[in-house]
Amino acid sequence: MSDSLVGIEPAKRAPAASQAEKLPDFRDHLATADRQGHRCWVYAQPASGRWYRWRKQVSWLLIGIMFAGPFIRINGNPLLMMNIIERRFSILGQIFWPQDMVIFAVAMLVFLTGIIVFTTGFGRLWCGWTCPQTVMMEMVFRRLEYLIEGNAHEQRALDAAPWTGKKIVRKLTKHAIFFGLSFIIGNTLLSYIIGSDQLLQIIGDNPLNHGAGLTFMILFTLIFYANFARFREQACTFICPYGRFQSTMLDENTMVVAYDHKRGENRAPLHRGQSLEQRRAATFGDCINCRQCVAVCPTGIDIRNGTQMECINCTACIDACDAIMEKIERPAGLIRFASLNSIQNGEPFRFTARMKVYLGVLGALIALFLFLVFSRAAIDTTLLRAPGALFQQTPEGRIENLYTLKIINKTSRDLPIEMKLENLKGDLRVMGDGHLVVPKGQLAQTSILIEIQPLLLHGNSTKLEVGVYSNGKRLQTVTTAFVGPRTSP
Ligand code: SF4
Ligand code: SF4
């Protein structure tokens, strides 16, 4: 048993990350606010241990994907792009247009249902392990803060100290680095919206030519800087809608980061020479009230109070408590991933009816999504009569109508396009040089002129079917109206 933990009163041990856990009526208060509603700054001790090592590997993989994402191309298209301005979206290299909104909506439903299924089974693991907010905050910004300002105790002391030259230098260094990183993150987000090519163009070109892009660049940088420098865990507690919803998805069978109160209580400090039998006889459990689990918590809560809305399942408290258990020679896992049922009743993880229903819905949505993606037409054609034009009669007596043609090429190759009248004989001419090639993932627009003998028309409006072909293969048939004289001559 480590001497460093023996005989030390709780008050002299690790200070809480925040002050809020000192409030006995903790359920009525935010962990990061005092009774007057003032913010209690969270000074979290650096996490370390088995879970942290795994989390670090996952985080760096995700950070790599996040920053490389806009530059990765599949079939020449971005891996992920949400160009709201041009209404073009790219998911896994597949370009989606506003016409594909149904597919996009189903994809969003798959994403949301996936999160619900995952949350029902494994709580807020997404938040602590994969959410960009936590990944960047805990693995990048907080790590830099430790490097510049020291651990939690040193940071607390620095903040309380008067403004000396040393303190100013440290604070300026930290905030300059935070601002620079926020600029990089803001630009990365912008490249997910407008595409990396356009972003590089904004950076390389005269900024005054890209007022909107520059405005968003500055706005995103300021938002990320404010978030990572000041707002931090408050974003997860107050703003994130998923954080608010998650409590409705948890039940007694959900695996969450949980304190085994049956094993840990009654908590009491470990006195020098105190044996396990003596603690049992005194009705003390394994928790020695060292508060290491509270000291490392980035949301400032005490997990021993039970599952709380602030907990992001980051597992830092598991590592902290396991280290203590090792030192006092007790089994690890006083804080662990467990369901309430497993702690209360010793039940193993159960695949509940609720999870099965959610999984069934998720499976159906995935099937629908795949069907929609694979049955999606290669092109999307709109053929509308040119605005303001009625019809014209040629010297030979034929009737002419002018149309505006728009074709979206959803494939990853350029498509040469031919148009043919399908249900009536007549002439169809593509204006310009008569050739139409729609580049991959692009929209092409042109005018076409259709001529038909008046005898073939039915009254003043005749239904026309036009086939859209590429390399001899019909890709789509569109219908439109052909306008002629009220009575045929
Ligand atoms: S209670 Fe534990 S798992 Fe939850 S946020 Fe705090 S340290 Fe992370
Ligand atoms: S749960 Fe573990 S880390 Fe937390 S106070 Fe008890 S012994 Fe210490």
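Since this is a predicted model, take the numbers as computed values, not measurements.

Conventions used here
Here the residue index of a chain counts from 1 through its sequence in written order. Working convention: letters from A go to chains and numbers from 1 go to ligands, in the order in which they are written. Where local features are concerned, this predicted model is filtered to residues with pLDDT of at least 70; where side-chain atom pairs are given and counted, the filter is 80 or more; whole-chain, interface and lining totals use all residues. Heavy atoms throughout the structure, all of them, feed into the side-chain values; hydrogens and water do not. Using a 1.4 Å probe on the protein chains alone, a residue whose accessible area is under 20% of its type maximum counts as buried, one over 50% counts as exposed, and one in between counts as partly exposed. The secondary structure listing takes helices from DSSP runs of H or I that are at least 4 residues long and strands from runs of E that are at least 2 residues long, numbered from the N terminus. For two strands to count as paired, DSSP must find a minimum of two bridges between them. The term salt bridge refers to a side-chain nitrogen of Lys or Arg lying within 4 Å of a carboxyl oxygen of Asp or Glu. Multiply 1.5 Å by the residue count of a helix minus one, and that product is the helix's expected span. Summary of the distance rule: residues count as near a molecule or strand when at least one heavy atom falls within 4 Å of that molecule or strand. In the scheme used here, Gly and all other residues not listed as nonpolar or charged are polar, with Ala, Val, Leu, Ile, Met, Phe, Trp, Tyr, Cys and Pro taken as nonpolar and Asp, Glu, Lys and Arg as charged. Orientation is described by axes fitted as lines to C-alpha atoms, over the contacting stretch for helices, and by angles from 0 to 180 degrees between their N-to-C directions. Just so you know how the angles are binned, under 35 degrees is roughly parallel, over 145 roughly antiparallel, 65 to 115 roughly perpendicular, and the rest oblique. If you view the pair so one helix is near and one far, a crossing is left-handed when the near helix is turned anticlockwise from the far one by less than a right angle, and right-handed when it is turned clockwise. Pairs of residues are marked as contacts when any of their non-hydrogen atoms sit within 4.5 Å. Per-residue confidence from the prediction method is given by pLDDT, with values spanning 0 to 100. Within this scheme, the nonpolar core is defined by two criteria: the residues are buried Ala, Val, Leu, Ile, Met, Phe, Trp, Tyr or Cys, and they are joined through side-chain atoms within 4.5 Å. In this analysis the probe radius is 1.4 Å and the grid spacing 1 Å, with only protein atoms considered; a cavity is a set of points the probe fits into but cannot get out of, a pocket is an open set with protein on both sides within 12 Å along at least five of seven lines, and lining residues have an atom within 4 Å of a point. Grid points are joined across faces, edges and corners, and a volume is the space filled by probe spheres set on the points.

**Brief notes about the pairing of strand S15 (residues 461-470)**
Part 1 of the argument: Along S15, seven of the ten residues are buried, which leaves the element largely enclosed by surrounding structure.
Part 2 of the argument: Looking at chain direction, strand S11 (residues 415-421) and S15 are connected through four bridges and run antiparallel. Residue pairing in the sheet places Lys420 in a bridge with Gly467 of S15.
Part 3 of the argument: In the sheet, S15 pairs with strand S16 (residues 473-483) via ten bridges, with the strands oriented antiparallel. The partner of Thr462 across the bridge, within S16, is Phe482.

**Comments concerning the pattern of salt bridges**
Part 1 of the argument: Counted according to the given criterion, the structure contains 24 salt bridges.
Part 2 of the argument: Note that Glu138 and Arg142 form a salt bridge whose closest N and O atoms lie 2.8 Å from each other. Of this pair, Glu138 and Arg142 are both found in helix H4 (residues 132-149), four residues apart, which corresponds to roughly one turn of the helix.
Part 3 of the argument: The class for Glu138 is buried, based on a relative accessible area of 12%.
Part 4 of the argument: Judged by relative accessible area, which is 4%, Arg142 ranks as buried.
Part 5 of the argument: Two residues, Arg398 and Asp427, come together in a salt bridge whose shortest N-O distance is 2.7 Å. Taken together, the residues Arg398 in the loop between strand S9 (392-393) and strand S10 (399-409) and Asp427 in strand S12 (residues 427-430) connect sequence positions 29 residues apart.
Part 6 of the argument: On the basis of relative accessibility, which here comes to 17%, the residue Arg398 falls in the buried class.
Part 7 of the argument: For Asp427, a relative accessible area of 40% translates into the label partly exposed.

**A look at helix H6 (residues 165-194)**
The periodicity of an α-helix, 3.6 residues per turn, causes residues three or four positions apart to be oriented the same way.
Part 1 of the argument: Under the 1.5 Å per step criterion, the end-to-end length of H6 is 43 Å for 30 residues, consistent within 8% with the ideal 44 Å.
Part 2 of the argument: Gly195 occupies a position one or two residues after H6 and carries a positive phi of about 95 degrees.

**Observations concerning the site of ligand 1**
Part 1 of the argument: The environment of ligand 1 is formed by 13 residues, the closest being Cys297, Cys311, Cys314, Thr315 and Cys317.
Part 2 of the argument: Here the residues of the shell around ligand 1 sort into ten nonpolar, three polar and no charged.

**Notes on the packing of helix H2 (residues 101-122) against helix H10 (residues 241-249)**
Part 1 of the argument: Contact geometry of H2 with H10 gives a least axis separation of 9 Å together with a crossing angle of 55 degrees. Considering their axes alone, H2 and H10 lie oblique with respect to each other. Pair H2 / H10 crosses with right-handed handedness. Contact residues: H2 offers Ile115, Ile116, Thr119 and Thr120, while H10 offers Tyr242, Gln246 and Met249.
Part 2 of the argument: Counted by class, the contact of H2 with H10 contains four nonpolar, three polar and no charged residues.

**Examining the sheet that holds strand S5 (residues 94-96)**
Part 1 of the argument: Pairing in this open sheet of three strands is antiparallel, and the strands run S3-S4-S5 from one edge to the other. The sheet is open, and its two edges are formed by strand S3 (80-83) and S5, each paired on a single side. The mean inter-strand angle of the sheet, taken between neighbouring strand axes irrespective of direction, is 20 degrees.
Part 2 of the argument: Of the pairings in the sheet, the one linking strand S4 (residues 88-91) to S5 comprises three bridges and is antiparallel in character. Counterpart to Ser90 in the pairing with S5 is Ile95.

**Points about the confidence of the model for the chain**
Part 1 of the argument: Mean pLDDT for the chain: 88, with 94% of residues reaching 70 or above.
Part 2 of the argument: Within the model, pLDDT remains below 50 along residues 1-13, and this stretch shows 36 contacts once partners closer than five positions in the same chain are excluded.

**Some details on the packing of helix H1 (residues 50-68) against helix H14 (residues 316-327)**
Part 1 of the argument: Between H1 and H14, whose axes approach to 7 Å, the crossing angle comes to 150 degrees. For the pair H1 and H14, contact is made by Arg50, Trp51, Tyr52 and Arg55 and by Ala316, Ile318, Asp319 and Asp322, respectively.
Part 2 of the argument: Its residues assigned to classes, the contact of H1 with H14 shows four nonpolar, no polar and four charged.

**Description of unusual backbone geometry**
Part 1 of the argument: Looking along the chain, the bond that leaves Glu265 and enters Asn266 is cis, with omega of -5 degrees.
Part 2 of the argument: Mapped onto the secondary structure, Asn266 falls in the loop between helix H11 (261-264) and helix H12 (276-281).
Part 3 of the argument: Unlike most non-glycine residues, Glu329 shows phi in positive territory, near 60 degrees.
Part 4 of the argument: Following the sequence through the fold, Glu329 ends up in the loop between H14 and strand S7 (335-338).
Part 5 of the argument: Overall, the relative accessible area of 57% leaves Glu329 in the exposed class.

**Topic: the nonpolar core**
Among soluble globular proteins, nonpolar side chains are generally buried collectively.
Part 1 of the argument: One finds Val257, Ile303, Ile335 and Phe337 to be the most contacted residues of the largest nonpolar core, which totals 26 residues.
Part 2 of the argument: The element best represented in this core is H14, accounting for five residues.
Part 3 of the argument: Membership of the second largest hydrophobic core comes to 25 residues, among which are Ile379, Ile399, Leu428 and Ile450.

**Quick notes on the side chain of Glu233**
Part 1 of the argument: Here Glu233 is to be found in helix H9 (residues 233-239).
Part 2 of the argument: For Glu233, a relative accessible area of 6% translates into the label buried.
Part 3 of the argument: Leaving out residues up to four positions away in the same chain, Glu233 has contacts with Thr32, Arg39, Val42, Pro298 and Thr299.

**Topic: the layout of surface pockets**
Part 1 of the argument: In this structure, the largest pocket occupies an estimated 1900 Å³ of space.
Part 2 of the argument: Considering the residues around the largest pocket, the lining is formed by 48 residues, among which Leu80, Phe111, Trp126, Thr130 and Pro132 are closest to the centre.
Part 3 of the argument: Sorting elements by how many residues they give to the lining of the largest pocket places H2 first, with seven residues.
Part 4 of the argument: Classifying every residue of the lining of the largest pocket by side-chain character gives 41 nonpolar, six polar and one charged.

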